[in-house]
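Understanding the architecture of this molecule
Here are the chains, one letter per residue:
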There are 2 protein chains.
Amino acid sequence: MKHTKVKDLLNGTKTLHEVKAKGWVRTFRNNQFIALNDGSTINNIQCVVDFENTPDETLKRITTGAAVSVTGTLVESQGAGQTVEIQVTKLEILGDSDPEKYPMQPKKHSLEFLRENAHLRIRTNAFGAIMRVRSTLSFAVHQYFQEKGFFYVNTPIITGSDAEGAGEMFRVTALPFDGTPRTEDGQVNFKEDFFGKETNLTVSGQLEGETYAMALGQIYTFGPTFRAENSNTSRHLAEFWMIEPEVAFNNLADNMDLAEDFIKYVIKYTVDKCGDDLKFLEQRLLDEEKSKPQAERSEMSLLEKLSFVMDNNFKRVSYTEAIDILKSSKPNKNKKFNYIIDEWGADLQSEHERYLVEKHFKCPVILFDYPAKIKAFYMRLNEDGKTVRAMDILFPGIGEIVGGSQREERLDVLLQKIADLGIDEKELWWYLDTRRFGTAIHSGFGLGFERLVLFVTGMSNIRDVIPFPRTPQNAEF
Amino acid sequence: MKHTKVKDLLNGTKTLHEVKAKGWVRTFRNNQFIALNDGSTINNIQCVVDFENTPDETLKRITTGAAVSVTGTLVESQGAGQTVEIQVTKLEILGDSDPEKYPMQPKKHSLEFLRENAHLRIRTNAFGAIMRVRSTLSFAVHQYFQEKGFFYVNTPIITGSDAEGAGEMFRVTALPFDGTPRTEDGQVNFKEDFFGKETNLTVSGQLEGETYAMALGQIYTFGPTFRAENSNTSRHLAEFWMIEPEVAFNNLADNMDLAEDFIKYVIKYTVDKCGDDLKFLEQRLLDEEKSKPQAERSEMSLLEKLSFVMDNNFKRVSYTEAIDILKSSKPNKNKKFNYIIDEWGADLQSEHERYLVEKHFKCPVILFDYPAKIKAFYMRLNEDGKTVRAMDILFPGIGEIVGGSQREERLDVLLQKIADLGIDEKELWWYLDTRRFGTAIHSGFGLGFERLVLFVTGMSNIRDVIPFPRTPQNAEF
């Protein structure tokens, strides 16, 4: 007899039938009630063991974490909190779990302890919920773009291009540290390396993505990106997944529309599909915040916050307006900001972004038209000659979740910017070709996927929303 | 007025309306007929220019590769091969394309030339078709697994684990080659590296995936994997995308069923969605094969081959049976094989696999129950003590497309195998934990995505089915 998933058993259509379930014991109460979970849902199915006719030897092996197979009749449950249960007629222990040794006992573990056991934390309710939500969000990303006629593009992970300028890069090499091949003048001879040149892990697929958008029209990437920055914060990972759509003929306003529509779609899709997981995570957050002073608690519950984002327009504010708001804000006047905003051109810090989003507008904010000097070379220069068509989307509690721009489509302007930065244009010959041949306006953005997962799950540390986080001094597993 | 995608214009529902289209000129005939493509489909829309009322200056700029915006009336077309066309009333050149310099002229280019221009080859019919098919296949992968209740897991790309044993790895490092930090005894001091230890690019997400399957039940990965092997063949890439499902409680037969069902689903989905692209690729293959001797041409057209795979059961053959077939085969007796099969235990070479698939069975073949000695340590040992529950799926023209197995779930057997291989079990502490706590049988497989794209597109070199291929001595772009 083939086993049925717990999720399908719980929908109750097989009542009074003989069923089989396989999964792991979460708890075993009164020598009688197994709470069995198989990962298909956050909910356990109660399996009622006929303890009088079950050998003590077997009962003792029904411990938290043990893998079991149960066969029996699915019946309506008398117990609270469940609709059906299995009256067990046959129980088989598939794999034991020694309660003296199993780290994931049914009690509260610290998130730090769970990170050290990233291979087992997925067996907890919270991480099961987080990772199911993550999977659903991933699929929503693909479905959104595919429905709209975008094509998925796998831009390279190992890159020979180092002009992206988005951050510090990891080197990829097959050369040894001992006996490294050298040229006559003592330099490392990268011609002897696997790719015949210096290579790094990509920090962004944007530049390659642009070349595809200028042929396929609408494309998106969704893949891993890397930063070798020594940022030991709750918002940074050395390895993270990024989504980068790029659209030919889109201007900055189209780009904002796309980003807002996209974010609302994937959140709605996930709220619709992951109700049970999100309810659990909402309660988890409430419980966590109970220990905080009232002022630090969220004004909205998790699901209220998600509804708020889905139901309201993101506020669109130019950088110049934002600077005016910040200059005349209380924390600026009272010198509560670490970085006081005193003039146009200042780069915004996380504290300023949070003020705008959480105190001033109290909703997601799209900032646009930033000073050219604080933004990347490929962004479209405005007619004022000093701002570029950049946009950042700022979310409450998360900060920047999206960074994007209309791209500079004019070859002469782009060449000048590259020269000003001291980048060798030969390095970017292929990128510049898109402006040499059939150039057109186009726009795109990057969304850090883990920041989106953070927002949707209500977790506060980015290490808890990716299966095996990579951070400074940590590449276990 | 907002422009409409060419794909939507060609479906003809806007006939007699004023429409706008934006895209790139593929050809311009008789100073009158623009074949315009915007990447949304392989089909161009014909735009009829009112050349008598268009300045010569403008007409001269309508060259292959130029980006243009056309406005006009959509009308039924009198020409052959198209249903509708645009009678242009307004034409705007968005971006020029100098015909003296543009490399992608409307003529036959060699695939090697196109590889050197990977950023522009996407503007050709063939690569547009290939990459749209690739995108559709990717989505089919996600949709298949999500519909079946699998969860998508992002296993780490940078790994501190080097016990996977699937091949040579690339080092990932932030240490310099000059002035590398050393320990007192002169060794490289990886404690000073970014992650505090030696790290590499992953060759497989399987081991981490197993830890998730043993909690979520059914998972799949779909991400980049890497091999630092100096294989300059038409079937190998240094960076490629792999799909790795893993299912708790599945045995080897379930695993074969899953793989076969999965492959048939994604091919069917793609045939249904990408008809025009596949028809083009089918014709491309026919044209290419015209120059070959009759004996080397395919027996089936591309779409016939895809239907054949969808409509027929994969032949399941044990390794032992396969060896018997090969031993008594003509090429073995006549010593036409480079490696003569003379006894049980031999590792099968590509020539043997191709013989079985293309000559003997003439259909996809699943080989199973391989000798333990030629397979990986984590595969389930059969009761005979000498074979393991491994399976490889072999495809005509491609060879191995899937490799999988039931995993060894018994801690004692696994420990023994690891010890025999000289692997330090401390390296795999977390992997072994899945067998220490609640172990159960489980199975999975890996499918090299580019080999699937090769099969579905009928291309013959794997460098032509990934946007920016990474191979020895090549990491341009």
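The structure presented is a predicted model; accordingly, all values stated were derived computationally and were not measured. (Residues numbered from 1 in each chain as written. Chains lettered and ligands numbered in written order. Predicted model: local features only at pLDDT ≥ 70, side-chain atom pairs only at ≥ 80, totals over all residues. Heavy atoms only, no water.)

Another point: the sheet that holds strand 6 (residues 151-152) of chain B. Spatially, 6-10-11-16-15-14-13-12 (chain B) is the arrangement adopted by the 8 strands of the open sheet, whose pairing is mixed. Strands with a single pairing partner mark the edges of an open sheet, and in this sheet they are strand 6 and strand 12 (315-318) of chain B. (Pairing = 2+ DSSP bridges. Helix = DSSP H or I, 4+ residues; strand = E, 2+ residues; numbered from the N terminus.)

The subject of this paragraph is the packing of aromatic side chains. Using the criterion set out here, one finds 62 aromatic pairs over all chains in the structure. Between A:Phe170 and B:Phe194, the ring centres sit 4.9 Å apart and the planes meet at 85 degrees, which makes this aromatic pair edge-to-face. In this pair, A:Phe170 sits in the loop between strand 7 (158-159) and strand 8 (171-173) while B:Phe194 sits in the loop between strand 8 (171-173) and strand 9 (199-201), so the two residues belong to two different chains. Taken as a pair, A:Phe170 and B:Phe194 share a single burial class, namely buried. Measuring from centroid to centroid gives 4.8 Å for B:Phe145 and B:Phe262, while their planes differ by 25 degrees, and the two rings are stacked. Linking B:Phe145 in helix 4 (residues 125-147) with B:Phe262 in helix 6 (residues 252-273), this pair joins segments that are 117 residues apart in sequence. Across the ring face of A:Trp344, the terminal group of A:Lys386 is positioned such that the distance to the ring centre comes to 4.4 Å. (Phe/Tyr/Trp six-rings, centres within 6.5 Å; stacked < 30°, edge-to-face > 60°. Buried < 20%, exposed > 50% of the residue type's maximum accessible area, 1.4 Å probe, protein only. Lys NZ or Arg CZ within 6 Å of the ring centre and 35° of its normal.)

This part takes up the nonpolar core. With 239 residues, the main nonpolar core has A:Phe170, A:Phe262, B:Phe170 and B:Phe262 as its most contacted residues. When neighbours within four sequence positions are excluded, B:Phe262 is seen to be in contact with B:Val141, B:Tyr144, B:Phe145, B:Ile243, B:Phe445 and B:Leu447. (Core = buried A, V, L, I, M, F, W, Y, C linked by side-chain atoms within 4.5 Å. Contact = heavy atoms within 4.5 Å.)

Residue and element names in this part refer to chain A. Segmenting chain A into domains produces domain 1 (6-106) and domain 2 (123-168 + 203-464). Just the C-alpha atoms count here: the centres of domain 1 and domain 2 sit 44 Å apart. With 9 residues of domain 1 in contact, the opposing surface of domain 2 contributes 8 residues. Considering only the side of domain 1, the residues that lose the most area to domain 2 are Arg26, Ile42 and Tyr102, jointly responsible for 63% of the buried surface there. Taken together, the connections running from domain 1 to domain 2 amount to 0 salt bridges. Our count for the domain 1 to domain 2 interface comes out at 5 residue pairs in polar contact (both at pLDDT 80 or more). (Domains from an automatic or database assignment. Buried area = accessible area lost by both parts, 1.4 Å probe. Salt bridge = Lys/Arg side-chain N within 4 Å of Asp/Glu carboxyl O. Polar contact = N/O pair within 3.5 Å; in protein donor to acceptor, adjacent residues only side chain to side chain.)

This model, assessed by the stated rule, comprises 54 salt bridges over all chains. In this structure, B:Asp464 engages B:Arg121 in a salt bridge whose closest nitrogen and oxygen atoms are separated by 3.3 Å. A residue pair is termed long-range when its members are at least 10 positions apart, and B:Asp464 in the segment after helix 14 (449-457) and B:Arg121 in the loop between helix 3 (111-116) and helix 4 qualify at 343 residues. Both residues of the pair, B:Asp464 and B:Arg121, belong to the buried class. Taken together, the shared-partner salt bridges in this structure form one network comprising A:Arg380, A:Glu383, A:Arg389, A:Glu408, A:Glu409 and A:Arg410.

Attention shifts here to the interface of chain B and chain A. One frequently used descriptor of interface size is the decrease in accessible area upon assembly of the parts. In this assembly, 115 residues from chain B lie in contact with 115 residues from chain A. Both sides together, the interface formed by chain B and chain A hides about 9100 Å², and carbon and sulfur atoms give 63% of it. Considering only the surface of chain B that becomes buried against chain A, B:Phe177, B:Phe194 and B:Phe249 emerge as the three largest contributors, covering 10% of it. Summed over the shared surface of chain B and chain A, the result is 4 salt bridges.

Within helix 14 (residues 449-457) of chain A, 9 of the 9 residues are buried, which leaves the element mostly enclosed by the surrounding structure. Just beyond helix 14 of chain A, the residue with positive phi is A:Gly458, at close to 75 degrees.

A separate point is the environment of A:Gln416. You can see A:Gln416 is positioned in helix 12 (residues 411-421). Taking the C-alpha atoms as reference, A:Gln416 lies 9.6 Å from A:Phe377; in sequence the two are 39 residues apart.

With an RMSD of 0.0 Å, chain B superimposes on chain A once it is rotated by 180 degrees and translated 0.0 Å along the axis. Such a combination of turn and shift is consistent with a two-fold rotation axis. Among all C-alpha atoms of chain B, that of B:Val172 lies closest to the rotation axis, at 2.4 Å. The share of interface residues of chain B whose copies in chain A are also at the interface is 100%, consistent with both copies meeting through the same surface. (Least-squares fit on C-alpha atoms with pLDDT ≥ 70 in both.)

This next bit is on the packing of helix 4 (residues 125-147) of chain A against helix 14 of chain A. Residues and elements named next belong to chain A. Axis separation between helix 4 and helix 14 bottoms out at 10 Å; the angle between their running directions is 125 degrees. Taken together, helix 4 and helix 14 sit at an angle that is classed as oblique. Crossing geometry of helix 4 relative to helix 14 is assigned as right-handed. On helix 14, the residues that touch Ile130, Val133, Arg134, Leu137, Ser138 and Val141 of helix 4 are Phe449, Glu450, Leu452, Val453, Val456 and Thr457. For the contact of helix 4 with helix 14, a count of residues per class yields 8 nonpolar, 2 polar and 2 charged. (Axes fitted to C-alpha atoms, helices over the stretch in contact; angles between N-to-C directions. Parallel < 35°, antiparallel > 145°, perpendicular 65-115°, else oblique. Left-handed = near helix turned anticlockwise from the far one by under 90°. Nonpolar A, V, L, I, M, F, W, Y, C, P; charged D, E, K, R; others polar.)

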